[in-house]
Amino acid sequence: KKGKISYMSYNKKDIFLATMLMLFIISLAIVFTVFFKQLYYLDINYLGIDLTSGMSVETIKKNYDVLIAYQSIFYRGTLNLPDFVMSTNGRIHFEEVKRIFVGIEYLCVITLILSCFLIKRKIRSRNIDFLRSASIITVLLPVIVGILCAFNWDAAFTLFHEIMFRNDYWIFDEATDPVIMILPDAFFLHCAVMIILLILIGSLFCMGFRSFFRHRFML
């Protein structure tokens, strides 16, 4: 009976660590993508954002940089885009987006600390089976999201906003919130693809490290 209780407790600890690692990988992928401005810079030319918006590349980058800096947990104050006016609804939406990203950034830090602490203990005891569980549950999200995006990106994009927001302020009007002209849907699709790829890489890393560790110590 003691052995059964110990086994159940052991499994719960592994599941908890696998979940923490999964949340870290996912949140890190999102944070990295959000602040990886080079992806947007490439899309300026690839999507012809300067041509469709009628603005110079330098002006577009300047405003985008301000928008991204606003998403940081270290940013204090209101959002003021140098070359764009904003409606009240538009400003509220960006505030809501910031709260979501800040929450993800905190989640990334917290799960990193917890994962490092728990993984260190697991490695010392030469028990790294949790990495297999982490790899499997981590890969499920990008597979599901990837299928939805590939099947119908517009529907997936709309569904995401309807789940995350309780209003329709995310539906921008170019007349009142012209910033939408430099934020095409295709760019967000590219962000989704990058996040999915990074999560897959994280999942593969977990499985690869597990295999390396088991081979290194002949487990």
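Computed from a predicted structure; not experimentally measured.

1. Here we look at the layout of surface pockets
- Taken as a whole, the largest pocket spans an internal volume of roughly 1400 Å³.
- If you trace the largest pocket, you find 44 residues lining it, with Phe101, Phe160, His161, Met164 and Ile195 closest to the centre.
- Broken down by secondary-structure element, the contributors of at least two residues to the lining of the largest pocket are helix H1 (2-35), helix H4 (57-70), helix H5 (88-124), helix H6 (130-151), helix H7 (153-164) and helix H8 (185-216).
- A per-class count over the lining of the largest pocket returns 38 nonpolar, five polar and one charged.

2. A few points about the packing of aromatic side chains
- Summed over all chains, the structure comprises ten aromatic pairs.
- Centre to centre, the rings of tryptophan 153 and phenylalanine 157 are 5.4 Å apart; their planes meet at 45°, and the pair counts as tilted. Of the two residues, tryptophan 153 and phenylalanine 157 both sit in helix H7, four residues apart, roughly one turn of that helix.
- According to the relative accessible area criterion, phenylalanine 157 is buried, its value standing at 14%.
- Ring geometry for phenylalanine 157 versus phenylalanine 188: centroids 5.8 Å apart, planes at 40°, classification tilted. You can see phenylalanine 157 sitting in helix H7 and its partner phenylalanine 188 sitting in helix H8, a full 31 residues away along the chain.
- Three or more aromatic residues joined by ring pairs form one cluster here, namely Tyr40, Tyr64, Trp153, Phe157, Trp170, Phe187 and Phe188.
- Between lysine 61 and the ring centre of tyrosine 41, over which it is positioned, the NZ or CZ distance is 4.7 Å.
- Sitting over the ring of tyrosine 70, lysine 98 keeps its end group 5.1 Å from the ring centre.

3. Observations concerning the environment of arginine 124
- Among the structural elements, arginine 124 can be located in helix H5.
- Since its relative accessible area comes to 65%, arginine 124 is described here as exposed.
- Sequence spacing of arginine 124 and isoleucine 144 is 20 residues, and the spatial spacing of their C-alpha atoms is 35 Å.

4. A few points about the confidence of the model for the chain
- In the predicted model, the chain carries a mean pLDDT of 88, and 92% of its residues have values of at least 70.
- Note that pLDDT drops below 50 for residues 1-10; the model gives that stretch three contacts with residues more than four away or on any other chain.

5. A short note on H5
- Compared with the 54 Å implied by 1.5 Å per residue over 37 residues, the 54 Å span of H5 between its first and last C-alpha is a close match.
- Directly beyond the C-terminal end of H5, a positive phi value near 55° is found at arginine 126.

The rules behind each value
- Residues numbered from 1 in each chain as written.
- Predicted model: local features only at pLDDT ≥ 70, side-chain atom pairs only at ≥ 80, totals over all residues.
- Heavy atoms only, no water.
- 1 Å grid on protein atoms, 1.4 Å probe; cavity = no way out; pocket = protein on both sides within 12 Å on 5 of 7 lines; lining within 4 Å.
- Points joined across faces, edges and corners; volume = space filled by probe spheres on them.
- Helix = DSSP H or I, 4+ residues; strand = E, 2+ residues; numbered from the N terminus.
- Nonpolar A, V, L, I, M, F, W, Y, C, P; charged D, E, K, R; others polar.
- Phe/Tyr/Trp six-rings, centres within 6.5 Å; stacked < 30°, edge-to-face > 60°.
- Buried < 20%, exposed > 50% of the residue type's maximum accessible area, 1.4 Å probe, protein only.
- Lys NZ or Arg CZ within 6 Å of the ring centre and 35° of its normal.
- pLDDT = per-residue confidence, 0-100.
- Contact = heavy atoms within 4.5 Å.
- Expected span 1.5 Å × (residues − 1).

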